[in-house]
Amino acid sequence: QLERSLVIIKPDGYRRGLTGEVLRRIEAKGYTIAKLQVTEATRDQLDAHYAEHEGKPFYEPLVEFMSSGPIVVAVIEGNDCIKGFRSLAGATNPTEAAPGSIRGDLGRDWGLKVQQNIVHGSDSTESAEREIAIWF
Ligand code: CMP
């Protein structure tokens, strides 16, 4: 099924110069980059994007982290790209993420209150459309 997914290269990924590497992996997998921008997230965008996590202990650190520098926001397209990109990204916890994945190859635990795990990818078609409307 042809899908769109919202991908964010988080401030840690941008700061570490991993933008090209992440986009390279998306293209090498065969997904199309349909939209792309470097931006700085506003509080309103983050509250909307992370609404489901509001109230969790890592919420404020997460919003602070996501506001700590530029991010890269992309819309990617391809058959089953939502599941496919989550597989490319690897497990949320970079220590557990499988080698071969973005987080498994490039991420680690930095001992911080929030998992700095380089990328975000939508988890369903509904969240993809919701998230795309927030950022584009
Ligand atoms: P993401 O997929 O963008 O969605 C929520 C983010 O919160 C997640 O990536 C991590 O950066 C962070 N996160 C999720 N679970 C935890 C956790 N248990 N502890 C700290 N940070 C977390």
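All of these numbers come straight from a predicted model, not from anything done at the bench. (Residues numbered from 1 in each chain as written. Predicted model: local features only at pLDDT ≥ 70, side-chain atom pairs only at ≥ 80, totals over all residues.)

Asker: I'd like a rundown of the site of the ligand, residues and numbers included.
Answerer: Around the ligand, the structure places H53, F58, L62, T92, V114, Q115, N117 and H120. The class makeup of the residues in the shell around the ligand is three nonpolar, five polar and no charged. (Near = placed C-beta within 6 Å. Nonpolar A, V, L, I, M, F, W, Y, C, P; charged D, E, K, R; others polar.)

Asker: Lay out the nonpolar core in plain terms, naming residues and giving numbers.
Answerer: As a rule of thumb, nonpolar side chains are buried together in soluble globular proteins. In this structure, I9, I76 and V119 are the most contacted members of the largest nonpolar core, which totals 26 residues. Looking at this core, the elements with two or more residues in it are β1 (2–9), α2 (19–29), β3 (71–79), α5 (81–89) and α6 (102–106). Beyond its immediate sequence surroundings of up to four residues, V119 is in contact with V7, I8, I9, K10, G13, V22, A89 and I102. (Core = buried A, V, L, I, M, F, W, Y, C linked by C-beta atoms within 7 Å. Buried ≥ 20, exposed ≤ 12 C-beta atoms within 10 Å, placed from the backbone. Helix = DSSP H or I, 4+ residues; strand = E, 2+ residues; numbered from the N terminus. Contact = placed C-beta atoms within 7 Å.)

Asker: Pulling in residues and values, what's your account of the pairing of β3?
Answerer: With eight bridges connecting them, β1 and β3 associate as antiparallel partners. Note that in β3 the partner of V7 across the bridge is A74. (Pairing = 2+ DSSP bridges.)

Asker: Which residues make up the UniProt feature "binding site: ATP" (unreviewed entry) in the chain, and what values go with them?
Answerer: Annotation from UniProt places "binding site: ATP" (unreviewed entry) at K10, F58, R86, T92, R103 and N117. Here R86 shows up in helix α5. With sequence-adjacent residues up to four places away left out, R86 is seen in contact with G121 and D123. For N117, the location among the structural elements is in the loop between α6 and β4 (119–121). Judged by the 23 C-beta atoms lying within 10 Å of it, N117 is buried. Not counting residues within four places of it along the chain, the set of residues in contact with N117 comprises T92, P94, R103 and G107. (UniProt positions renumbered as here; feature names shortened; annotations may be inferred.)

Asker: Describe the sheet that holds strand β2 (residues 32–39), with residues and values.
Answerer: One open sheet holds the four strands; their spatial order is β2-β3-β1-β4, and the pairing between them is antiparallel. At either end of the open sheet lies a strand with only one pairing partner, and these are β2 and β4. On average, each strand axis in the sheet is tilted by 20° relative to the strand beside it, whichever way the strands run. Strands in contact with α2 are β1, β2, β3 and β4; relative to β2, the strand with the most contacts, it is inclined by about 165°. (Axes fitted to C-alpha atoms, helices over the stretch in contact; angles between N-to-C directions.)

Asker: Could you give an account of the environment of A28, with specific residues and numbers?
Answerer: Tracing the sequence through the fold places A28 in helix α2. Residue A28 is classed as exposed on the basis of its C-beta count, with 9 C-beta atoms lying within 10 Å. Taking the C-alpha atoms as reference points, A28 and E52, separated by 24 residues in sequence, lie 31 Å from one another.

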